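Report on the structure
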Number of protein chains: 2
Amino acid sequence: MTDVLATWINGVEGGSVPADDRGLQYGDGVFETLLVRNGVPRFLAAHRDRMRRGLAQLGIRFLAGEALDAEIARAAGMAPPLAVLKIIVTRGSAARRGYRSPETHEARRIMSLWPTAPLANDLIERGVDLDIARLRVPTPSPFAGLKHLNRLENVMASTEASADEFFDALLMDTGEQLVSGTSCNVFLVKAGQLLTPPVDRAGVAGVMRAVVLREARRLAIGAHEQQLTMSDLIGADGIFITNARIGVVPVRRVREHVFAMTDVVSRLRAHIEALDA
Amino acid sequence: MTDVLATWINGVEGGSVPADDRGLQYGDGVFETLLVRNGVPRFLAAHRDRMRRGLAQLGIRFLAGEALDAEIARAAGMAPPLAVLKIIVTRGSAARRGYRSPETHEARRIMSLWPTAPLANDLIERGVDLDIARLRVPTPSPFAGLKHLNRLENVMASTEASADEFFDALLMDTGEQLVSGTSCNVFLVKAGQLLTPPVDRAGVAGVMRAVVLREARRLAIGAHEQQLTMSDLIGADGIFITNARIGVVPVRRVREHVFAMTDVVSRLRAHIEALDA
């Protein structure tokens with residue numbers, strides 16, 4: 001169930017990339033991970049917008065937007081009922097060594113389609129368990145919010161958590177502020193309101209995070225960005241995590257701290273599960 | 001003069017890497033850049049040691065040390081009189097999606113050989129010009145000192161400096177402490193002593209930096225690691241930069257601040273140029 005179904009490089013099926021690609025050499029690029037459900041890439045416009053913002057901030061010229069859209073549609077058309085589409089765009093091949101971005105560069109797009117399973121119902125009902133990573137994220141990151149390819153912090157923080165015991169690990173920054181999970185954003189529920197850390201100093205501006213903030217307002221649930229500490233987390237009425245693949249998922253415990261299931265989380269989850277855009 | 005001469009993946013000549021390589025997906029790996037001079041890979045033991053430390057810290061199992069040594073020797077044997085050998089070792093292909101390091105993984109080595117030219121004599125005599133990057137490096141980095149593949153900071157900081165005007169750009173951290181150049185370490189000369197920033201909170205533990213610290217002691221030149229600010233830099237008697245390719249190179253100016261050439265730098269350079277290990 002975990003094997004890749006297909007990989008395309010600049011739209012051409014094939015599984016390899018030139019070794020001089022700056023994505024490999026320097027992590028010089030961005031990526032998106034979309035859920036494809038019944039052939040529909042969910043929240044596609046939001047993913048496309050975030051990718052464009054990231055490419056613009058990194059100064060990567062990407063002229064293949066229309067080709068990419070067609071490739072996404074083609075991949076979605078051949079996807080199983082539930083699939084993940086991962087899209088990487090790098091600054092392309094380096095004609096010469098060195099960090100400096102070449103003035104002329106041709107971005108490379110690398111797309112792969114993976115089958116995925118829905119999250120087990122009992123995890124959604126009882127909530128997932130989270131660790132807290134020992135690794136601290138230094139801030140302010142010049143690339144806060146971007147889904148760029150420099151992901152060693154996520155790799156090392158998720159690797160230190162026991163896979164048997166924990167679904168994911170929470171990241172704190174060097175100022176002991178909550179950032180996110182290693183592969184999800186995090187929300188606290190407090191007096192019926194939703195609180196989530198801002199993403200202007202660290203973390204990724206998750207597409208599902210933005211959907212939650214938008215849809216909470218539609219449901220007349222208060223939702224705010226706010227710096228949050230470990231004691232805010234321990235004092236929360238409930239906690240949930242979000243990403244494009246799993247949607248909204250309640251948290252049962254963070255290490256030894258146990259949290260209640262709250263109606264607002266199940267209500268949000270049901271509401272958002274029905275959406276595709 | 002800038003085209004790659006050869007590339008080897010796990011010792012086999014060829015220029016492409018599977019798209020699921022975790023080096024590309026996450027920057028999950030390390031690299032070394034060696035100067036090969038007259039067929040000799042300079043300071044090979046130091047490069048090998050740093051790479052092993054980096055792999056150990058990232059938990060990447062690398063069992064191909066002997067094979068890599070043989071491949072380095074082979075590449076050095078076919079190199080032009082002056083060449084750069086870049087060696088990347090990644091955590092290898094991901095059998096499944098996700099940040100977490102697979103318990104079993106097979107590291108991948110990617111080696112490329114490039115011709116290079118000696119630095120122009122007039123640059124060595126009059127010194128190079130440096131910019132100061134606007135980008136600030138957040139600290140403390142959990143990967144300080146390592147030559148890992150997450151290099152977006154270096155890419156963006158070197159790209160913002162004018163290539164016509166500046167040889168490289170200096171990096172400051174978010175606490176306004178000097179870190180390094182984007183592709184070199186930096187030393188100040190002050191009252192005949194050498195001062196360089198520590199690399200335990202940010203920056204790369206450069207091989208040439210270590211050679212300078214070692215050889216300075218042999219030449220009875222005081223050399224110390226010390227936190228350094230912009231005002232320390234402006235007040236220095238002289239400045240020089242180091243990396244494996246260029247060795248020891250004096251700095252003529254940092255933006256508008258002009259520095260004198262000092263005897264200690266030319267003495268160090270001449271001494272170290274004669275060494276291969």
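Structural notes, computed from the coordinates.

The rules behind the values
Residues numbered from 1 in each chain as written. Chains lettered and ligands numbered in written order. Predicted model: local features only at pLDDT ≥ 70, side-chain atom pairs only at ≥ 80, totals over all residues. Heavy atoms only, no water. Least-squares fit on C-alpha atoms with pLDDT ≥ 70 in both. Contact = heavy atoms within 4.5 Å. Buried < 20%, exposed > 50% of the residue type's maximum accessible area, 1.4 Å probe, protein only. Helix = DSSP H or I, 4+ residues; strand = E, 2+ residues; numbered from the N terminus. Pairing = 2+ DSSP bridges. Polar contact = N/O pair within 3.5 Å; in protein donor to acceptor, adjacent residues only side chain to side chain. Phe/Tyr/Trp six-rings, centres within 6.5 Å; stacked < 30°, edge-to-face > 60°. Buried area = accessible area lost by both parts, 1.4 Å probe. Salt bridge = Lys/Arg side-chain N within 4 Å of Asp/Glu carboxyl O. Nonpolar A, V, L, I, M, F, W, Y, C, P; charged D, E, K, R; others polar.

Between chain A and chain B, which share one sequence, the superposing operator has a rotation angle of 180° and an axial displacement of 0.0 Å; the RMSD is 0.0 Å. One copy is carried onto the other by what is essentially a two-fold rotation axis. Identified as the residue of chain A closest to the rotation axis by C-alpha distance is Leu24 of chain A, at 2.0 Å. Of the residues that chain A buries at the interface, 100% are likewise interface residues in chain B, meaning the two copies contact each other through the same surface.

Residues and elements named next belong to chain A. Burial runs high along strand E4 (residues 29–37): 9 of the 9 residues are buried. Because side chains alternate across E4, one face comprises the buried residues Gly29, Phe31, Thr33, Leu35 and Arg37, and the other comprises Val30, Glu32, Leu34 and Val36, equally buried. Of the pairings in the sheet, the one linking E4 to strand E6 (residues 82–90) comprises 9 bridges and is antiparallel in character. Within the sheet, the bridge partner assigned to Arg37 lies in E6 and is Leu82. Here 2 bridges tie E4 to strand E5 (residues 40–41), and the two strands are oriented antiparallel to one another.

Residue and element names in this part refer to chain A. With respect to the helices, strands and loops of the structure, Leu188 is situated in strand E11 (residues 185–190). With relative accessibility at 2%, the residue Leu188 sits in the buried group. C-alpha of Leu188 to C-alpha of Leu149: the two residues are 39 residues apart in sequence and 28 Å apart in space. Other than its neighbours up to four places away in sequence, Leu188 contacts Leu178, Gln193, Leu194, Leu195, Leu228, Asp232, Leu233, Ala236, Gly238 and Ile239.

Right, let's get into the environment of Gln25 of chain B. Relative to the helices and strands, Gln25 of chain B resides in helix H1 (residues 22–26). Relative accessible area serves as the criterion here: at 10%, Gln25 of chain B is assigned to the buried category. C-alpha separation for the pair Gln25 of chain B and Val251 of chain B, spaced 226 residues apart in sequence, amounts to 37 Å. Excluding residues that lie within four positions of it along the chain, Gln25 of chain B makes contacts with Lys86, Ile88 and Leu149 of chain A together with Ala19 and Asp20 of chain B. Among the polar contacts made by the side chain of Gln25 of chain B, one reaches the main-chain carbonyl oxygen of Ala19 of chain B at a distance of 2.8 Å.

Glancing now at the sheet that holds strand E4 (residues 29–37) of chain B. The antiparallel open sheet is built from 6 strands, whose spatial order is E2-E1-E7-E6-E4-E5 (chain B). This sheet does not close on itself; its edge strands, each paired only once, are strand E2 (12–13) and strand E5 (40–41) of chain B.

Further remarks concern the packing of aromatic side chains. All names here are of chain A. This model, assessed by the stated rule, comprises 4 aromatic pairs over all chains. Both rings, one in Tyr26 and one in Tyr99, keep their centres 5.1 Å apart while their planes meet at 55°; by these two values the pair is tilted. Of this pair, Tyr26 sits in helix H1 (residues 22–26) while Tyr99 sits in the loop between E6 and strand E7 (108–115), and the two are 73 residues apart along the sequence. Considering the side-chain rings of Phe187 and Phe240, the 4.8 Å spacing of their centres and the 0° angle between planes classify their relative orientation as stacked. With Phe187 in strand E11 and Phe240 in strand E14 (residues 238–243), this residue pair connects regions lying 53 residues apart in the sequence. Assigned by exposure class, Phe187 and Phe240 land together as buried.

A few words now on the interface of chain A and chain B. Residue-level contacts link 62 residues of chain A with 62 residues of chain B. Taken as a group, Arg97, Tyr99 and Arg100 of chain A account for 18% of the area that chain A buries against chain B, more than any other trio of residues on that side. Counting across the chain A and chain B interface gives 0 salt bridges. At the junction of chain A and chain B, the tally comes to 17 residue pairs in polar contact (both at pLDDT 80 or more). Partitioning the side of chain A that touches chain B into residue classes produces 27 nonpolar, 22 polar and 13 charged. In this structure, strand E3 (residues 16–18) of chain A lies alongside strand E3 (residues 16–18) of chain B, joined through 3 bridges in antiparallel fashion. Looking at the pairing, Val17 of chain A lines up with Val17 of chain B of E3 of chain B.

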